[in-house]
Amino acid sequence: MSAEFDCIASHLDYPMVIVTAASGQERSGCLVGFSTQCSIKPPRYLVCISKANHTYGVAAQAEGLVVHFPTAAESGLAALFGSETGDEVDKFSRCVWQPGPSGAPVLDGVKRWFAGRVREQVDLGDHVGFVLDVGDAACAGDDPPLGFQSVRDLPPGHPA
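The shown structure was predicted, so the numbers you read here are calculated from the model rather than taken from an experiment. (Residues numbered from 1 in each chain as written. Predicted model: local features only at pLDDT ≥ 70, side-chain atom pairs only at ≥ 80, totals over all residues. Heavy atoms only, no water.)

Draft legend 1. Inspection of the packing of aromatic side chains at higher detail. All chains considered together, the criterion is met by 7 aromatic pairs. Ring centres 5.7 Å apart and planes at 85° place the aromatic pair Y14 and F34 in the edge-to-face group. Of this pair, Y14 sits in the loop between α1 (3-11) and β1 (17-23) while F34 sits in the loop between β2 (26-32) and β3 (35-39); the two residues are 20 residues apart in sequence, bridging distant segments of the chain. Overall, Y14 belongs to the partly exposed group, its relative accessible area being 28%. On the basis of an interplanar angle of 80° and a centroid distance of 5.9 Å, the ring pair of Y45 and F69 is categorised as edge-to-face. You can see Y45 sitting in strand β4 (residues 44-50) and its partner F69 sitting in the loop between β5 (64-68) and α3 (75-83), a full 24 residues away along the chain. Across this residue pair, the class does not change: Y45 and F69 are buried. Three or more aromatic residues link up through ring pairs in this structure, and these residues are Y45, F69 and F114. (Phe/Tyr/Trp six-rings, centres within 6.5 Å; stacked < 30°, edge-to-face > 60°. Helix = DSSP H or I, 4+ residues; strand = E, 2+ residues; numbered from the N terminus. Buried < 20%, exposed > 50% of the residue type's maximum accessible area, 1.4 Å probe, protein only.)

Structure (structure tokens):
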């Protein structure tokens, strides 16, 4: 990657999301910086998960994922899901959650989230893109989403 692109990317302020997954009895979740709506009709969303991340292995086997949109008020959850790895820590023992669609955890306290059925997985290099068909959702509050610039100094649970 060129130094110029590194410079450009370092100034972007992507919205950060917490993605949770379940497959069988295994749960996982991580903080994700690469995600976007990718269709209006039908509603679809793309989340990109690093292949090095514990969540990738669970998500790859999951029927669906839950995508949470934390605000600054939920920055503690962002730190938990961004700075810890499911290879070493049960993140879900450190927060309150409920089973959601497809068994993927829905994090209590995050007011905006949706569940999506995994439609397709796309190899994107060091990340895999999960194309989701949007399903159940909750949307409350109007605080702005937590952006990359607010979490850029968090130590990662895994290198990208």
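So much for the structure itself; the text now carries on.
Draft legend 2. Spotlight on the side chain of K91. In this structure, K91 sits in the loop between α3 and β6 (97-99). Assessed through its relative accessible area of 5%, K91 is described here as buried. Looking at K91, its side chain comes within polar contact range of the main-chain oxygen of G29, at 2.7 Å. Polar contacts involving the side chain of K91 include one to the main-chain carbonyl oxygen of F81, which spans 3.5 Å. (Polar contact = N/O pair within 3.5 Å; in protein donor to acceptor, adjacent residues only side chain to side chain.)

Draft legend 3. Examining α3 more closely. The set of residues buried in α3 consists of L77, A78, L80, F81 and G82. In this structure, the buried residues of α3 make contact with β1, β2, β7 (105-107) and α4 (148-151). (Contact = heavy atoms within 4.5 Å.)

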